[in-house]
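Fold and geometry: a report
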Amino acid sequence: METQPRQTLLHKWHISRGAKMSVFGGYDMPLWYASALNEHLAVLGHAGLFDTSHMASVMVKGPDAFDLLQYCFSNNLSACMGREKKSLFPGRCVYGTFLDEKGCVIDDAIVFMMEKEEYMVVVNAGMGQTIADHLSAHRGNRNVRISDLTDQLGKMDIQGPFSAKILQKILTDPEKAFQNMPYFSFKGHFDETSLLSLQVRLLDGTPLLLSRTGYTGEFGFEIFLAPPHFVRVWEMLVKTGEEYGLMACGLAARDSLRAGAVLPLSHQDIGRWPFVRHPWPFALPYANDGKSFTKKFIGSDALLNAEDAEYTCPFAGDDPRKVTLPATVADAGGKEIGTVLTCATDMGIGRHNGRIFSIVSPDKPDGFSPKGLSCGFVKVKKELKPGDAVELRDGRRKITVRIVRDIRPDRTARKAMKEML
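**Overview of the overall build of the chain**
Helix and strand content of the chain: ten helices and 24 strands. Whereas a compact globule of 421 residues would reach a radius of gyration of roughly 22 Å, the chain reaches 21 Å, a difference of no more than 12%. Projected onto its principal axes, the C-alpha coordinates of the chain cover approximately 60 × 55 × 55 Å. Here the chain, with 421 residues, has 56% of them falling under the buried criterion. Counting contacts in the chain only where the partners sit at least 6 residues apart, residues at least 24 apart contribute 69% of the total. As displayed, the chain offers around 18,600 Å² of accessible surface, 49% of which is attributable to carbon and sulfur atoms. For the chain, the distance from the average site of its 52 positive side-chain charges to the average site of its 49 negative ones is 3 Å.

Encoded structure:
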């Protein structure tokens, strides 16, 4: 018997604006409204607003919460902050994965440290109970409480260079809210009992948790708030952002933006294979030798012995053409060597004299008007180096692309707050 897809708090709003809807992660979600292209470009040049309340959260609390996460989460919470590799502390968050004993990805996540014994783990749509069960299965005698908060917390993302300018118009004390707020930091608090603290408030008194994170590669925020306030705050941001060119954005723009920013889609670019030989080594606790880990965690032994693991590589094409999945990868000699994981088109980039520029690159050539480049990830049986050409084949089309270290240049996610205000 088929189950009906879940609906987010904004489902009626999406429908009323003529959104093209599709099921993703068990939720009926907007793919785009009028134009995925314009939504993509709005995030690069202005601002975009995304409904991300389909994502799930898990609270992990208690004296042994840190110890449990340290064992189950791939990143080293004792050594993950900055170049100095400092320990995670309240008000900061970190990206990583939950693996099984074979080193395969169950899901990727961001761990928010609320207090010394309190963590919020943000996972993907439909994965709240799965990760809560995974943590519970490995809890042992640890003194910790695990709560799946699926659908108990509203979440929206405002992304793009004008994000802070828009938010400062509706916050009670924007200067205080934005002070000392680097990339992957947050302000506010959420738990099962108090919902949200008043550390960050809107002009009407609505409390929220404000995080300098996102899934586009661009400057912006993720906003968490109690469900009763969600639709009203969304509409408040839409109205406030009009003068700044803000657009409501769907999953299509989210996908093309994250692909150009070299960010993986869980269960597609990372999944049921060993989580090694990929562009995201920062999610693993590598020691200085690059061969060992600084801690033991679920799946660590399997990763250290994954000698036959395949390689995941980013690529960029020469034009907007892309292949449809499933698709295969062939080397320069025509031999099939792997599969295509993601193939999207970043419409904000283009090539000039062999170099990729973004539409917002400060040194872009005069008159530069990109037509877009296909980009994404391939999983192959042999190591490829930047510059290597491979052919993507979907049975209908063949396109030649090149392996790259990075895709969309001049991304703004890590820019200092003062630069964006």
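**Topic: the sheet that holds strand S8 (residues 118-123)**
The strand order S6-S7-S8-S5-S9 describes an open sheet built from five strands, whose pairing is antiparallel. This sheet does not close on itself; its edge strands, each paired only once, are strand S6 (93-99) and strand S9 (145-148). On average, adjacent strands in this sheet sit at an angle of 25 degrees to one another, irrespective of strand direction.

**Some details on the side chain of Thr412**
Checked against the element boundaries, Thr412 lands in the loop between strand S24 (398-403) and helix H10 (417-420). Setting aside chain neighbours within four positions, we find Thr412 in contact with Gly217, Glu218, Phe219 and Met420.

**Re the side chain of Arg92**
Residue placement: Arg92 occurs in the loop between helix H3 (65-72) and S6. Nearest to the buried, unbridged Arg92 among oppositely charged side chains is Glu84, at 8.8 Å. Within the structure, the side chain of Arg92 is placed 3.3 Å from the backbone oxygen of Tyr183, a separation counted as a polar contact. Reaching out from Arg92, the side chain makes a polar contact with the backbone oxygen of Phe184 at a distance of 3.1 Å. In this structure Arg92 touches Met81, Val111, Phe112, Met113, Pro182, Tyr183, Phe184, Ser185 and Phe186, once residues within four positions along its chain are discounted.

**Focus: helix H4 (residues 128-137)**
Given 3.6 residues to a turn, an α-helix orients residues that are three or four positions apart in the same direction. For H4, every residue scored as buried is listed here: Gly128, Ile131, Ala132, His134 and Leu135. Buried residues of H4, viewed axially, fall in a sector of 160 degrees; they line one side. On its buried face, H4 sits against strand S5 (56-61), H3, S6, strand S7 (105-115), S8 and S9.

**Focus: the sheet that holds strand S3 (residues 27-32)**
With mixed pairing, the three strands of this open sheet are ordered in space as S1-S3-S2. Looking at the sheet topology across the chains shown, the edges are occupied by strand S1 (6-7) and strand S2 (20-24). Pairing between S1 and S3: two bridges, direction parallel. Bridging from a neighbouring strand, Gln7 pairs with Asp28 of S3. Relative to the sheet, helix H8 (residues 251-260) contacts S2 and S3, its axis offset from that of S3 by approximately 70 degrees.

**Let's talk about unusual backbone geometry**
For the bond from Leu325 to Pro326, the omega torsion is 5 degrees, close enough to zero to count as cis. The backbone of Asn180 shows a phi angle near 50 degrees, a positive value even though the residue is not glycine. Within the secondary structure, Asn180 sits in the loop between helix H6 (174-178) and strand S11 (186-187). Look at Asp410: it is not a glycine, yet its phi comes out positive at around 60 degrees. By secondary structure assignment, the location of Asp410 is in the loop between S24 and H10.

**Brief notes about H3**
Every buried residue belonging to H3 is among Ala65, Leu68, Leu69, Gln70 and Cys72, and all of these are buried. If you follow the buried residues of H3, they end up packed against S5, S6, S7, S8, H4 and S9.

**A few points about the packing of helix H2 (residues 36-45) against H8**
Closest axis-to-axis distance for the H2/H8 pair is 8 Å, and the angle between their directions is 55 degrees. Between H2 and H8, the angle falls in the class oblique. The crossing of H2 and H8 is right-handed. Contacts from Ala36, Glu39, His40, Val43 and Leu44 of H2 reach H8 at Ala252, Ala253, Ser256 and Leu257. Taken together, the residues of the contact of H2 with H8 break down into six nonpolar, two polar and one charged.

Cut-off values and rules
- Residues numbered from 1 in each chain as written.
- Predicted model: local features only at pLDDT ≥ 70, side-chain atom pairs only at ≥ 80, totals over all residues.
- Heavy atoms only, no water.
- Helix = DSSP H or I, 4+ residues; strand = E, 2+ residues; numbered from the N terminus.
- Rg over C-alpha atoms; globule rule 2.2 N^0.38 Å.
- Buried < 20%, exposed > 50% of the residue type's maximum accessible area, 1.4 Å probe, protein only.
- Contact = heavy atoms within 4.5 Å.
- Areas by Shrake-Rupley, 256 points an atom, 1.4 Å probe, with all protein chains shown as cover.
- Lys, Arg positive; Asp, Glu negative; His and termini not counted.
- Charge placed at Lys NZ, Arg CZ, Asp CG, Glu CD.
- Pairing = 2+ DSSP bridges.
- Axes fitted to C-alpha atoms, helices over the stretch in contact; angles between N-to-C directions.
- Salt bridge = Lys/Arg side-chain N within 4 Å of Asp/Glu carboxyl O.
- Polar contact = N/O pair within 3.5 Å; in protein donor to acceptor, adjacent residues only side chain to side chain.
- Arc of directions from axis to C-beta.
- Parallel < 35°, antiparallel > 145°, perpendicular 65-115°, else oblique.
- Left-handed = near helix turned anticlockwise from the far one by under 90°.
- Nonpolar A, V, L, I, M, F, W, Y, C, P; charged D, E, K, R; others polar.

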